Structure formats: structure tokens, C-alpha cells
Amino acid sequence: AAGLAAIGVPAAPRLVAMLASPATARRTRLQIPRILKQIPCDESWEGLRTAMRSPDSHLRLRAFSALSSLRLRLELPPVPVDEVRALVEREIAETLGVLVAWSRARRRYPSELFDEAIAFREVRGSRRVLRILELRYPVEVLRLVRERVESPARRANALELLDNTIEPSLRPVVMPFFDDAPIEEKAQKAGLGAVPEPLPFLESQLGHENPYVVALAFDVLSRAEPALAARHAIELLRGTRSGPSDPLVREAAIHAVVRADRATAAEHVAALLDDPDPVVRRVAHAAVERCRSAGDEEVPVESTIEKLLALRAAPVFAKLRSEDLAVLARIAEIETFERDATIFTEGEMGDALFVVVRGAVDIRREGRLLATLKKGEAFGEMAVLDAQPRSA
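Note that this is a predicted model, so its numbers are computed, not measured. (Residues numbered from 1 in each chain as written. Predicted model: local features only at pLDDT ≥ 70, side-chain atom pairs only at ≥ 80, totals over all residues. Heavy atoms only, no water.)

**With respect to the overall build of the chain**
To be explicit about the condition: To qualify as a helix, a DSSP run of H or I must reach at least 4 residues; to qualify as a strand, a run of E must reach at least 2; elements of each kind are numbered from the N terminus. Each residue is placed in one exposure class: buried if its accessible area under a 1.4 Å probe, protein chains only, is under 20% of its type's maximum, exposed if it is over 50%, and partly exposed if it falls in between. Here a residue-residue contact requires only that any non-hydrogen atoms of the pair lie within 4.5 Å. For the accessible areas, the method is Shrake-Rupley and the probe is 1.4 Å, while residue cover comes only from the protein chains on display. Under the convention used here, Asp and Glu are negative, Lys and Arg are positive, and both His and the chain ends fall outside the count. To locate a charge, the coordinates of NZ of Lys, CZ of Arg, CG of Asp or CD of Glu are taken.
A tally of helices and strands in the chain yields 20 helices and four strands. C-alpha atoms of the chain, sized along the principal axes, occupy 70 × 50 × 50 Å. Within the chain, buried positions represent 46% of all 392 residues. Residue pairs in contact within the chain that sit at least 24 positions apart in sequence constitute 64% of those at least 6 positions apart. By element, 52% of the accessible surface of the chain is carried by carbon and sulfur atoms, the whole surface being about 20200 Å². Treating the 56 positive side-chain charges of the chain as one cloud and the 58 negative ones as another, the clouds have centres 3 Å apart.

Shown next, in the form of C-alpha cells:
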């Protein structure tokens, strides 16, 4: 990124083309606006304006942020109020639509992780609205609003500042969105149209641009509507369903198929035994082995979602959002130890930290009991963080 920014204007056309291309990996596309904002030229500006219409809400947030920076560097005039209003209305409608749909769906399909993901989508929706307003109003003022509006102690001050900054024609659109009113009431004020029913809403999330959201949707659906989830999963594994082709999604599809019908799952999962992603390969092999195991013998096939739920209970990970922690959950492994087995010994070099999922673990130094750790507690992290021998 630093090299491309240093190349400058000659790099802009290629970056804009990659940003617009559906063939560009999502992780790459999300980085491009941050590079383009460092290349102040007309092509950067126009390329980012095109990205404002992307169906990927996270990419739009990055584009709005980059456009705000570029407008100052290019000394461009404020964006017309009618265009700002149209952009703001779109973001508010999309955000409120998701919030209302999930508030209804969660009664039938409860999920802590989906609750958290939806709450963060509300935060990002607010950020997109404020970034759009930066295209017309003083960036310094909107920056103060952004910094304060997410803090309960400073929210009232932020909203007063926002109300005094924007034009009267925008206040009826913007200010109700930031009210601390019930979601249904805010949706009514915004004139929100029909909202999908719970099941169609969850099905729509299987096509979301964010692989983490798709994985959560598969997990929720496969527990409540296993046959339906499996049908979508099989379509995805066969390549007949559109959606992000991401390792986390392929893994979630495997689990959905196995949960629905163990007898026939192996034939659908077999195509992933040589998947380029090592975690997907491991999950696919474990799933096939489980499907072919005799009788009721269980071969463990822990999903990233299940491992994520175990990790997020540990205080060491308490500050991480679950979507970020999912990266660690994917590479985490479940290990089982018999009673009185030694997990590691004092003086060893450590290459892993552990979180207790079941049972209890004694920590000893020179034979003396220091602590007994139970479910949700982590140990062994210091040797990983400071590359020193195990202290106990």
C-alpha cells in the first residue's frame, strides 16, 4: 500500500479498475480506498464515487472516508445537498431495515453472535451517515461528532453539535436516525417500507458480502432449519449459488450439510478434501470420517463458531469483537487430555495458549499448586506473548 501510494497518480487507474472489478478479492478491495485517498487526482475521486454505490456496506464506509479526505486535498466544493440527502437516506434505510428485520427474527432464531454483529452494523451505519455529511460540512466538526456520538456520556453533546451543523432540510432525515428511540419507531419515522420476514431475512444473509455474516447465518439456520440450510450449503459447494467464496463460508457450509443429513453429507463434502485452505481441508476430512464412522461413534468436527464461543468467554479475549476473534478461532484446535495428564511443564518453550472448554486445570510451580482454572479461563499466554520458557 505504501509503495502504491508513493507511485501516486500513475497507479490510480489500475487501483480504480481493481476496486470496480467483482473479481478482486474483498480483502483487497477494502484496502484500495485507503490507498486512493493518498493519491489526490480526479481518477481517485471518480473511482471512489463509483464505489459509493457498492452493495458492500463496509466498502462504502471506506469510500466515504477516503472521499472526505480527498475533497480537502483536491480543494473541491461541497457536494450538493440533494446528493448528500439521497446518500444519507439510502444508508439510513438499509441500516434500519437490517435492524428491524433482525429484531423480529431473533425471537425465533436467537444468537448472541448475530446480536453482536447486527449491533456493530448499526454502528457502521451511523459512521457511514456521518462520513457522507463530511462531503458537505466541515470535516473538523463532523470528526468531533464521530468521536463523541458512540460515548454515552458525550452523545448528547455530539447530537447537539450535529443538529447545529447540518442544514434544516437535512435535519428531519438525519436527527431521528440518531435518536435513542425504539427501532420500530425510528423505522416508521424514516418511512421504511416492507421488511422481510424472519426466515427470508436469514436466507438473504447467506449472500452477504461479509463472510463472517454468512457463516453466522449458516450456523443459525442449520440449527433451526437444517434441511433448508443444507440446501443452500450444497448449492454453494457446487458453485451454483452466488456469494462470497471464502474459506470461512466453505467451512460453515460443510457443517450445515453434516448437521442436516449425515448419511449423504460425504458426497457433497468430498469436493473440499483438496481445498486450498488447510482449515477447510481438515474440516472436510473430519466431516467425511464422521459420516463414514460406524454406529453412533462420534468423530469431533468443531466449527469455527463453536470454537469462537469458547474463546470469547476467556478474559484474555474480552476486548476483541467476535468477528476479529473468528480469525483466531479458525486456527484454534480442540485438544483433549485425560485426568491427571500433563499439558506442558515448567521450563518448556511455549508455542500455544490454552482456554479451558470443559473440566479443570491445575497450575503448579515446583510442585506447589498456584491455581485451579475452570471453563473460560486461559493459561499459557505469557510464554506465547514474550517468547520466554513456561513459568509453571
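**Looking at helix H16 (residues 262-269)**
Where we set the bar: Here a polar contact is taken to be a pair of N or O atoms separated by no more than 3.5 Å, where protein atoms must pair a possible hydrogen donor with a possible acceptor and residues adjacent in sequence count only if both atoms sit in side chains.
Among all positions of H16, only Ala-265, Ala-266, His-268 and Val-269 are buried. Where H16 is buried, its residues touch helix H14 (226-238), helix H15 (247-260) and helix H17 (278-292). For H16, the N-terminal capping position is held by Asp-261, with its side-chain oxygen 3.1 Å away from the main-chain nitrogen of Ala-263.

**Thoughts on the side chain of Glu-251**
Its location among the elements puts Glu-251 in helix H15. Overall, Glu-251 belongs to the buried group, its relative accessible area being 2%. Ignoring any residue separated from it by four or fewer positions in sequence, one finds Glu-251 in contact with Val-279, Val-280, Val-283, Ser-303, Thr-304 and Arg-330.

**Concerning the pattern of salt bridges**
What counts is decided by this rule: The term salt bridge refers to a side-chain nitrogen of Lys or Arg lying within 4 Å of a carboxyl oxygen of Asp or Glu.
A complete count under the given rule lists 30 salt bridges for this structure. We note a salt bridge from Glu-251 to Arg-330, for which the minimum N-O separation is 3.6 Å. Taken together, the residues Glu-251 in helix H15 and Arg-330 in helix H19 (residues 322-331) connect sequence positions 79 residues apart. Both residues of the pair, Glu-251 and Arg-330, belong to the buried class.

**Describing the packing of helix H18 (residues 304-311) against H19**
Helix packing geometry: the angle between the two helix axes and the distance between the axes. Note the following rule: Fitted lines through C-alpha atoms give the axes, limited to the stretch in contact for helices. The angle between two N-to-C directions lies from 0 to 180 degrees. In what follows, roughly perpendicular refers to angles from 65 to 115 degrees, roughly parallel to angles under 35, roughly antiparallel to angles over 145, and oblique to any angle outside these ranges. Take the far helix as your reference; a near helix turned counterclockwise from it by less than a right angle gives a left-handed crossing, and one turned clockwise gives a right-handed crossing.
One can describe the packing of H18 onto H19 by two numbers: an axis separation of 9 Å at closest approach and a directional angle of 110°. Taken together, the axis directions place H18 and H19 in an arrangement best described as roughly perpendicular. In the packing of H18 onto H19, the handedness of the crossing is right-handed. In this structure, H18 contributes Thr-304, Lys-307, Leu-308 and Leu-311 to the contact, and H19 contributes Ser-322, Leu-325, Ala-326, Leu-328, Ala-329 and Arg-330.

**Comments concerning the side chain of His-58**
Inspection of the secondary structure puts His-58 in helix H5 (residues 57-73). Here His-58 falls in the buried class, since its relative accessible area comes to 12%.

**Thoughts on a nonpolar patch on the surface**
Defined as follows: Candidates for patches are residues over 30% relative accessible area with no salt bridge; among them, like charges are joined within 9 Å and nonpolar side chains (Val, Leu, Ile, Met, Phe, Trp, Tyr) within 5 Å.
A cluster of nonpolar side chains, namely Leu-353, Met-382, Val-384 and Leu-385, defines an oily patch on the protein surface of about 370 Å² accessible area. The topology assignment puts Leu-353 in the loop between H19 and strand E1 (354-355). Classification of Leu-353 as partly exposed rests on a relative accessible area of 31%.

**What about the packing of aromatic side chains?**
How we decide: Whether two aromatic rings pair depends on their centres lying within 6.5 Å, for rings of Phe, Tyr and Trp, where Trp uses its six-membered ring; planes under 30 degrees apart make the pair stacked, over 60 edge-to-face, and the rest tilted. A positively charged side chain is recorded as over a ring if its NZ (Lys) or CZ (Arg) lies within 6 Å of the ring centre. The angle to the ring normal must also be within 35 degrees.
All chains considered together, the criterion is met by five aromatic pairs. Their ring planes at 40° and their centres at 5.9 Å tell us that Phe-344 and Phe-379 sit as a pair that is tilted. In this pair, Phe-344 sits in the loop between H19 and E1 while Phe-379 sits in strand E4 (residues 378-379), placing the two residues 35 residues apart along the sequence. Note on accessibility: Phe-344 and Phe-379 belong to one class, buried. Between Phe-354 and Phe-379, the ring centres sit 5.2 Å apart and the planes meet at 10°, which makes this aromatic pair stacked. In this pair, Phe-354 sits in strand E1 while Phe-379 sits in strand E4, placing the two residues 25 residues apart along the sequence. Phe-354 gets classed as buried once you look at its relative accessible area, which sits at 16%. Linked through ring pairs, Phe-344, Phe-354 and Phe-379 together constitute an aromatic cluster. If you follow Lys-186 out to its NZ or CZ, it ends over the ring of Phe-177, 5.6 Å from the centre.

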